[in-house]
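Close look at the chain arrangement
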There are 2 protein chains.
Amino acid sequence: MHFTSETSSNGVIERNFTLDEITGVLWSPTSATVGAPLLLFGHAGGMHKKAPGLVASALHSVTTYGFAVAAIDAPGHGDRSRDLQDQQWVEAIHRARAAVEPIAAIGIDYNMSLAERAVPEWQATLDALQALPEIGAEAPVGYGGMTLGVVTGLMLTAVESRIAALSIGGVFVHDALIEAARKITVPVEYRIPWDEDEIDHAAAIALFDAFGSTDKAMHAHPGRHNQVPEYERDSSVRFFARHLGRAADTASD
Amino acid sequence: MHFTSETSSNGVIERNFTLDEITGVLWSPTSATVGAPLLLFGHAGGMHKKAPGLVASALHSVTTYGFAVAAIDAPGHGDRSRDLQDQQWVEAIHRARAAVEPIAAIGIDYNMSLAERAVPEWQATLDALQALPEIGAEAPVGYGGMTLGVVTGLMLTAVESRIAALSIGGVFVHDALIEAARKITVPVEYRIPWDEDEIDHAAAIALFDAFGSTDKAMHAHPGRHNQVPEYERDSSVRFFARHLGRAADTASD
């Protein structure tokens, strides 16, 4: 893991890094504590490691709870070059959108391909992060994500025992996700954007029911997946604080 | 409205009151502000105005947010005598429980009868509370309730324009509730105890869909209706704070 830049603002250190082909970013408090929880954030499809909502949640997590937060670009996203097959998928999605046709089928194949490649990348990233003296191997780890980041997160959590809590929202449901969810037993907080035309409510609830976790919560919120209310972002960070063992400095409970 | 007792502890004044046949309680901060939000809490079936969960939420609302909170006993509950017909319903429910038979049908009739009587009682109570100088007619009003308290709350909110926000959880769904929900347009936060055997998930979600509110959220939580997680109680108070306009003194957002 090579840090390529470091800036500091309002109590948060932001460091960009590379790890082989992976491009990522790590946010941590200037007054970092070894062993504080580490959150891995998976961005939505078409976005990148510094998507505005992701950054807002990351900064809130760092400044309010003292967490460290890492995000990496999915293959072909953000600072990474896109290969020919990914380019063809993206063009197919653009064509479907322009023709006002459903994109779910194309999106599912594309996201599954990206997630399969991203899982070992996240595992290598987690290895490297845990080797940093300011994080360490004892830090409890949570994963948060949206859309593509949910697909990656479910595939990752199903095979990676270091992920101890999962907060996700907004995804097309398909069989491979249901299968992954059945293997997951860690606490889950799952958000459904109730006004998203392309998300079928019954399928979304079937995913919730599939999780093997006994401690699982579902939140249906108004709006679409890119209109997550601020109180839901806050709920997600509170969820991680409950399960990863770091109380908020300023929270009332 | 006659106050029959007053005690004070940890910054909260608790006053029992009577209003004709109604028996109730009002919690308010010792450092009360005129016009601070007022919450009306409807207790669950078989419980009373000082049910432990209700009291815990009330004290949290008063001490953390400076709200006033009122609760009244449903007809035949708590400090109120039970009439012959209510007694027969209660006995029928006990017989069904003992025989491990479903109680939903009996419970629905009984709860609807109680709710029809409780609506004018809540309206009279609200009139009396708003006439108190320490509350006043400008205080924004929210309603929170569980099981029987949900039935009463939906019937009340459908006809009472002073209720500006509704936080409810755990109820048998039936047609009259769906009809009431269609008339409700204020913000709603609705909790479904996902592990409650007697609550059908699809029916519970149909009630959520029926609300006329554009700003509505649903939370499925683990456990039964009498196992509401503490973070859900806190979420409910935060919901009221967002919609009734009083920021927490100590909350981080």
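Above: the structure in question.
Now for a quick tour of the structure. If you're wondering where the values come from, they're calculated on a predicted model, not measured in any experiment.

1. Here we look at the overall build of chain A
In terms of helices and strands, chain A carries seven helices and nine strands. By the compact-globule yardstick of 18 Å for 253 residues, chain A fits well, its C-alpha radius of gyration being 17 Å. Its C-alpha atoms put chain A at 50 × 40 × 30 Å along the principal axes. A total of 253 residues make up chain A; the buried ones form 45% of that total. Counting only contacts in chain A whose residues sit at least 6 apart along the sequence, the fraction spanning at least 24 positions is 67%.

2. Topic: the nonpolar core
Counting 140 residues, the largest nonpolar core has Leu38, Ala68, Val69 and Ala70 of chain A together with Leu38, Ala68 and Val69 of chain B as its most contacted members. Excluding residues that lie within four positions of it along the chain, Leu38 of chain A makes contacts with Phe67, Ala68, Ala70, Leu129, Ile135, Ala139 and Val141 of chain A.

3. Things to note about the packing of helix α5 (residues 175-182) of chain A against helix α6 (residues 201-210) of chain A
All names here are of chain A. Between α5 and α6, the least distance of the axes is 8 Å, while the angle of their chain directions is 25°. Comparing the axis directions of α5 and α6 gives the class roughly parallel. For the pair α5 and α6, contact is made by Leu177, Ile178, Ala181 and Arg182 and by Ala206, Leu207 and Ala210, respectively. For the contact of α5 with α6, a count of residues per class yields six nonpolar, no polar and one charged.

4. As for helix α1 (residues 52-65) of chain A
All names here are of chain A. Relative to the 20 Å expected for 14 residues at 1.5 Å per residue, α1 spans 19 Å between its end C-alpha atoms, a close match to the ideal helical length. Every buried residue of α1 is listed here: Leu54, Ser57, Ala58, Ser61, Val62 and Tyr65. All buried residues of α1 fall inside an arc of 130° around its axis, so they share one side. Residue Gly66 follows α1 closely and has a positive phi angle near 75°.

5. Quick notes on the pairing of strand β9 (residues 216-221) of chain B
Among the six residues in β9 of chain B, six count as buried, and that is most of the element. Of the two faces of β9 of chain B, both are covered, the one formed by Lys216, Met218 and Ala220 of chain B as well as the one formed by Ala217, His219 and His221 of chain B. Here strand β9 (residues 216-221) of chain A runs beside β9 of chain B; their pairing, made up of three bridges, is antiparallel. Bridge pairing in β9 of chain B links Met218 of chain A to Ala220 of chain B.

6. Comments concerning the packing of helix α2 (residues 84-98) of chain A against helix α3 (residues 104-130) of chain A
All names here are of chain A. Here α2 crosses α3 at 160°, and the two axes come no closer than 10 Å. What the angle tells us is that α2 and α3 run roughly antiparallel. In terms of crossing hand, the pair formed by α2 and α3 is left-handed. Of α3, the residues touching α2 (which contributes Trp89, Ala92, Ile93 and Ala96) are Ile106, Gly107 and Tyr110. The residue makeup of the contact of α2 with α3, split by class, is six nonpolar, one polar and no charged.

7. Let's talk about the pairing of strand β1 (residues 2-9) of chain A
One face of the sheet, then the other: side chains in a regular strand alternate in exactly this way. All names here are of chain A. In terms of burial, β1 is largely open, as just zero of its eight residues are buried. Here β1 runs beside strand β2 (residues 12-19); their pairing, made up of seven bridges, is antiparallel. In the strand pairing of β2, Thr7 is matched with Glu14. Where β1 folds back onto β2 in an antiparallel hairpin, the turn is made up of two residues, including Asn10, whose phi is positive at roughly 50°.

8. Considerations on unusual backbone geometry
Here the phi dihedral of Thr147 of chain A falls at roughly 45°; this positive angle occurs in a residue that is not glycine. Residue position: Thr147 of chain A is located in the loop between β6 (141-146) and α4 (148-159). Backbone geometry at Asn10 of chain B places phi at a positive 50°, although glycine is not the residue there. Relative to the helices and strands, Asn10 of chain B resides in the loop between β1 (2-9) and β2 (12-19).

9. Re α6 of chain A
When we look at burial in α6 of chain A, the residues that qualify are Ala204, Ile205 and Leu207 of chain A. Angularly, the buried residues of α6 of chain A cover 150° about the axis, an arc narrow enough to put them on a single face.

10. Points about the environment of Val25 of chain B
Note that Val25 of chain B resides in strand β3 (residues 22-29). Separated by 11 residues in the primary sequence, Val25 of chain B and Ala36 of chain B have C-alpha atoms spaced 17 Å apart.

11. Looking at the environment of Val188 of chain A
Residues and elements named next belong to chain A. Mapped onto the elements of the fold, Val188 is located in strand β8 (residues 188-193). The class of Val188 is buried, set by 25 C-beta atoms lying within 10 Å. Along the primary structure Val188 and Asp86 are separated by 102 residues, whereas in three dimensions their C-alpha atoms are 30 Å apart. Apart from the residues lying within four places of it in its own chain, the contact partners of Val188 are Leu166, Phe211, Ser213 and Lys216.

12. Concerning the environment of Ile205 of chain A
Note that Ile205 of chain A resides in helix α6. C-alpha of Ile205 of chain A to C-alpha of Val173 of chain A: the two residues are 32 residues apart in sequence and 9.4 Å apart in space.

What counts and what doesn't
- Residues numbered from 1 in each chain as written.
- Chains lettered and ligands numbered in written order.
- Predicted model: local features only at pLDDT ≥ 70, side-chain atom pairs only at ≥ 80, totals over all residues.
- Helix = DSSP H or I, 4+ residues; strand = E, 2+ residues; numbered from the N terminus.
- Rg over C-alpha atoms; globule rule 2.2 N^0.38 Å.
- Buried ≥ 20, exposed ≤ 12 C-beta atoms within 10 Å, placed from the backbone.
- Contact = placed C-beta atoms within 7 Å.
- Core = buried A, V, L, I, M, F, W, Y, C linked by C-beta atoms within 7 Å.
- Axes fitted to C-alpha atoms, helices over the stretch in contact; angles between N-to-C directions.
- Parallel < 35°, antiparallel > 145°, perpendicular 65-115°, else oblique.
- Nonpolar A, V, L, I, M, F, W, Y, C, P; charged D, E, K, R; others polar.
- Expected span 1.5 Å × (residues − 1).
- Arc of directions from axis to C-beta.
- Pairing = 2+ DSSP bridges.
- Left-handed = near helix turned anticlockwise from the far one by under 90°.

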